[in-house]
Amino acid sequence: MTEKVVVIYSGGMDSFTVLNRALRDGKEVYALTFDYGQKHVKEIDYARAVCQELNIEHKVIDITAINQLLAGSSLTDDIEIPEGHYEEESMKSTVVPNRNMILLSLAVGYAVSKEASQVYYGAHSGDHAIYPDCRPEFVQKMSDVCQIANYEPVTIYCPYLDNDKIEILTDGLKMGLDYGKSWTCYNGREEACGKCGACQERLEAFEKNNVTDPLPYE
């Protein structure tokens, strides 16, 4: 019997790679996308299109109500998106309080209902400096909790936890993935800005892989 897994799929290039990695690993994938009021809601449209093309069961869950509690992030509040690399201090404004713990908890509940054994998500080493909920110690402890939180143990799995975005893209290119089907920019405009931390890290990954990013930039 094929192992069932839930993939937290934002529509960005990391989760796009994770989704396809799960498929290549032979898993039966259930994709889960969250609308938490992010400015770059455009990524959800990309997620829908990919799941439709791959004929994957896909749920988009509106959890925007939580923004009544989670204030202070430039991704959701009326705060300007900072420019610069992910590792710069200014990028801390893009942290959404407790986001991944909330999303993982919901994904684990969905996994239990689908009799899935794992939840995949796209934390990677490039996120460690800024996002505490992408660090290995968080992933391990969250996985430990999720194995005892229900009668059915669920493991949290991050296939690229020890890899940076350059290495993630390398693996995706080996799989023949079209990254024009992913959206990364934190600004949800018609074209990617090329200046926010997400764009800069993405462009750096393409440059280091000697490949041109298929997305249009302002």
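Please refer to the structure higher up on the page.
One structure accompanies this document, and this report is about it. This structure is a prediction, so every number in the text was calculated from the model and none was measured. (Residues numbered from 1 in each chain as written. Predicted model: local features only at pLDDT ≥ 70, side-chain atom pairs only at ≥ 80, totals over all residues. Heavy atoms only, no water.)

Considerations on the pattern of salt bridges
Right, on to step 1. All chains considered together, the criterion is met by 10 salt bridges.
Right, on to step 2. Here Lys 165 and Asp 14 are joined by a salt bridge, their closest N and O atoms 2.8 Å apart. Taken together, the residues Lys 165 in helix α5 (residues 165–174) and Asp 14 in helix α1 (residues 13–24) connect sequence positions 151 residues apart. The exposure classification of Lys 165 matches that of Asp 14, with both residues buried. (Salt bridge = Lys/Arg side-chain N within 4 Å of Asp/Glu carboxyl O. Helix = DSSP H or I, 4+ residues; strand = E, 2+ residues; numbered from the N terminus. Buried < 20%, exposed > 50% of the residue type's maximum accessible area, 1.4 Å probe, protein only.)

Concerning the packing of helix α3 (residues 99–114) against helix α4 (residues 136–146)
Right, on to step 1. Close contact between α3 and α4 brings their axes to 11 Å; oriented N to C, the two are set at 35°. In this structure, the crossing between α3 and α4 has a hand that is right-handed. Two secondary-structure elements touch here, α3 through Asn 100, Met 101, Leu 104, Ser 105 and Val 108 and α4 through Phe 138, Met 142 and Cys 146.
Right, on to step 2. Taken together, the residues that form the contact of α3 with α4 break down as 6 nonpolar, 2 polar and no charged. (Axes fitted to C-alpha atoms, helices over the stretch in contact; angles between N-to-C directions. Left-handed = near helix turned anticlockwise from the far one by under 90°. Contact = heavy atoms within 4.5 Å. Nonpolar A, V, L, I, M, F, W, Y, C, P; charged D, E, K, R; others polar.)

A few points about the packing of aromatic side chains
Right, on to step 1. Per the stated rule, a full pass over the model turns up 5 aromatic pairs.
Right, on to step 2. Ring centres 4.9 Å apart and planes at 85° place the aromatic pair Tyr 120 and Tyr 157 in the edge-to-face group. One end of the pair, Tyr 120, is in strand β4 (residues 118–120); the other, Tyr 157, is in strand β5 (residues 155–157), and 37 residues separate them in sequence.
Right, on to step 3. Judged by relative accessible area, Tyr 120 falls into the buried class, the value being 1%.
Right, on to step 4. A residue is classified by how much of its surface remains accessible, and Tyr 157, at 31% relative accessible area, is partly exposed.
Right, on to step 5. Each ring, one from Tyr 179 and one from Phe 206, has its centre 6.1 Å from the other, and the planes form 85°; the classification is edge-to-face. Separated by 27 residues along the polypeptide, Tyr 179 in the loop between α5 and α6 (197–208) and Phe 206 in helix α6 bring together distant segments of the chain. This pair shows no difference in class: Tyr 179 is buried, exactly as Phe 206 is.
Right, on to step 6. Members of the aromatic cluster, joined through ring pairs, are Phe 16, Tyr 179 and Phe 206.
Right, on to step 7. In this structure, Lys 42 is placed above the aromatic ring of Trp 183, and the distance from its NZ or CZ to the ring centre is 4.2 Å. (Phe/Tyr/Trp six-rings, centres within 6.5 Å; stacked < 30°, edge-to-face > 60°. Lys NZ or Arg CZ within 6 Å of the ring centre and 35° of its normal.)

Examining the sheet that holds strand β3 (residues 57–62)
Right, on to step 1. Strand order in the open sheet formed by 5 strands is β3-β2-β1-β4-β5, with parallel pairing between adjacent strands. Each of the sheet's edge strands pairs with one partner strand only, and the pair in question is β3 and β5. Mean inter-strand twist for the sheet, computed between neighbouring axes without regard to direction, equals 25°.
Right, on to step 2. Pairing geometry for β4 and β5, over 3 bridges, is parallel. Pairing of Val 119 across the sheet is with Ile 156, part of β5. (Pairing = 2+ DSSP bridges.)

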